[in-house]
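# A look at the structure
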Amino acid sequence: MRLGIIGAGQATATLLAELCRGGFDGEITVFHDESGAPCPRPPLSKTPFDQPLRDRDKTLIPEPIAQDPRVHWVYERATEIEPETG
């Protein structure tokens, strides 16, 4: 089974963890249009702008899951979905 995920936020991090730890037997492709690993986002409504963003050095996805051979990262913006072609 092949699974495609668009975006690499908190929901994707949770889904990847559950799939990998649960023994998912397939290929997972994550389309993520930012350079670098997904990181936590600050709650902008509650964080003063003069405070440093300490969480930018942390990643949402643990290294064993990010390096799992079933997970493939595509660092490009997904512009369309054609499920019947792939």
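The notes below deal with the structure included here. (Residues numbered from 1 in each chain as written. Predicted model: local features only at pLDDT ≥ 70, side-chain atom pairs only at ≥ 80, totals over all residues. Heavy atoms only, no water.)

The next subject is the overall build of the chain. Counting secondary structure elements, the chain contains two helices and three strands. Taking all 86 residues of the chain together, 28% fall into the buried category. Expressed as a percentage of contacts within the chain between residues at least 6 apart in sequence, the contacts between residues at least 24 apart total 65%. Split by element, the accessible area of the chain, about 6,500 Å² in all, is 52% carbon and sulfur. (Helix = DSSP H or I, 4+ residues; strand = E, 2+ residues; numbered from the N terminus. Buried < 20%, exposed > 50% of the residue type's maximum accessible area, 1.4 Å probe, protein only. Contact = heavy atoms within 4.5 Å. Areas by Shrake-Rupley, 256 points an atom, 1.4 Å probe, with all protein chains shown as cover.)

A separate point is the sheet that holds strand E2 (residues 27–31). Here three strands make up an open sheet; going across it, the order is E1-E2-E3 and the pairing parallel. Edge positions in the open sheet fall to strand E1 (2–6) and strand E3 (71–74), since each of these has one partner strand only. Across the sheet, the mean angle from the axis of one strand to that of its neighbour is 20 degrees, orientation sign disregarded. (Pairing = 2+ DSSP bridges. Axes fitted to C-alpha atoms, helices over the stretch in contact; angles between N-to-C directions.)

Note that side chains of opposite charge can pair when their charged atoms are close. Under the definition given, this model contains two salt bridges. Between Arg77 and Asp33 there is a salt bridge, and its shortest N-O distance comes to 2.8 Å. Residue Arg77 is found in the segment after E3, and its partner Asp33 is found in the loop between E2 and helix H2 (63–66); the two are separated by 44 residues along the sequence. Residue classification places Asp33 among the partly exposed residues on the basis of a relative accessible area of 38%. Here Asp68 and Arg70 are joined by a salt bridge, their closest N and O atoms 2.7 Å apart. Overall, the relative accessible area of 11% leaves Asp68 in the buried class. Given a relative accessible area of 21%, Arg70 falls into the partly exposed group. (Salt bridge = Lys/Arg side-chain N within 4 Å of Asp/Glu carboxyl O.)

This next bit is on the nonpolar core. In this structure, Ile5, Leu16, Ile28, Val30, Ile61, Ile65 and Val71 are the most contacted members of the largest nonpolar core, which totals 15 residues. Listing elements by their share of this core, those giving two or more residues are helix H1 (10–21), E2 and H2. Here Ile28 is in contact with Leu3, Ile5, Leu16, Leu19, Arg70, Val71 and His72, once residues within four sequence places are set aside. (Core = buried A, V, L, I, M, F, W, Y, C linked by side-chain atoms within 4.5 Å.)

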